Amino acid sequence: QGKITLRKENLELAKVLAWNPAAERIFGWSQIEAIGRFLPPAVDRREKMLEKLATVIGGEPLHDERTRWPHRNGELLDIELYAVPVQTSDGNVRCLAMAFDISERTRRERGQLLVSETSAILSRSLELDETLRQVIRLPLTDFADAASVDLLTDDGMLERTMQTREGMMLLP
């Protein structure tokens, strides 16, 4: 769990006030790099984050918001966000946010869905070419840039069919 606290001096100047070790691990930005700046992983989506911040500071908590945020190294992470407004003793309203890296859980869920969808396709049709086209497209949406299926022919040879995300079918 990464804890991130933002201050609302005004919505254009929202700055990180606290950045714990979990936030460092999740996003790859050190505490020194994050404190005093706009939320580093959200720089490229500043307007959307400012809208969410305004909503939270206005009194509406953020629950179970799933989004994709970049790690410092550029890898996209599946993140689950929660945020609540917190009023300090001096009357300022701050946003306390918690971010959870759910990338591994999301990959497992997508993998289970892929297996389920593949099973459904295989059970629907005995038409090999059409079934093969449908099955080979499935991993291209979330998992891979290219996919291949190897079939063992009657004469014991392997026949490979490959497709790229761009839709090219390669038949060596």
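The structure displayed is predicted, hence computed values, not measured ones.

Q: Where do I start with the overall build of the chain in this structure?
A: A tally of regular secondary structure across the chain gives five helices and eight strands. Per-residue burial for the chain yields a buried fraction of 33% across its 172 residues. Within the chain, residue pairs in contact and separated by at least 24 positions form 34% of the contacts whose partners lie at least 6 positions apart. Entry remark: accessible area of the chain is about 10600 Å², with carbon and sulfur atoms responsible for 53%.

Q: Please clarify how helix α3 (residues 46–57) should be interpreted in this entry.
A: Each full turn of the α-helix corresponds to 3.6 residues, which orients residues three or four apart in the same direction. In this model α3 runs 16 Å from its N-terminal to its C-terminal C-alpha over twelve residues, within 8% of the 16 Å that 1.5 Å per residue would give. Buried residues of α3: Met49, Leu50, Leu53, Val56 and Ile57, and no others. Buried residues in α3, looked at end-on, bunch into an arc of 125°, giving them a common side. Along α3, the residues that are exposed and aim more than 90 degrees away from the buried face are Glu47 and Glu51. Positive phi appears at Gly59, one or two residues downstream of α3, with a value of about 110°.

Q: Help me out: how do you make sense of unusual backbone geometry in this one?
A: Leave glycine aside and you will find that most residues have negative phi; peptide bonds, for their part, are mostly trans. The phi dihedral of Asp64 falls on the positive side, at around 50°, and the residue is not glycine. Residue position: Asp64 is located in strand β3 (residues 62–70). The partly exposed category is assigned to Asp64, whose relative accessible area is 42%.

Q: Can you help me understand the pattern of salt bridges in this one?
A: Charged atoms that come close allow side chains of opposite charge to pair. All told, the structure shown has twelve salt bridges when counted by the stated rule. Here Lys52 ties to Glu65 by a salt bridge, and the two come within 3.1 Å at their closest N and O atoms. Here Glu65 lies in strand β3 and Lys52 lies in helix α3, a separation of 13 residues in the sequence. Put simply, Arg105 and Glu109 hold a salt bridge, and the shortest N to O gap is 3.9 Å. Of the two residues, Arg105 and Glu109 are both situated in helix α4 (residues 103–124); the distance of four residues between them amounts to about one turn of the helix. A residue is classified by how much of its surface remains accessible, and Glu109, at 35% relative accessible area, is partly exposed.

Q: Where do I start with the environment of Val16 in this structure?
A: In this fold, Val16 is placed in strand β2 (residues 15–19). Spatially, the C-alpha atom of Val16 lies 9.7 Å from that of Cys95, the residues being 79 residues apart in sequence.

Rules and cut-offs
Residues numbered from 1 in each chain as written. Predicted model: local features only at pLDDT ≥ 70, side-chain atom pairs only at ≥ 80, totals over all residues. Heavy atoms only, no water. Helix = DSSP H or I, 4+ residues; strand = E, 2+ residues; numbered from the N terminus. Buried < 20%, exposed > 50% of the residue type's maximum accessible area, 1.4 Å probe, protein only. Contact = heavy atoms within 4.5 Å. Areas by Shrake-Rupley, 256 points an atom, 1.4 Å probe, with all protein chains shown as cover. Expected span 1.5 Å × (residues − 1). Arc of directions from axis to C-beta. Salt bridge = Lys/Arg side-chain N within 4 Å of Asp/Glu carboxyl O.

Structural measurements only, silent on function.
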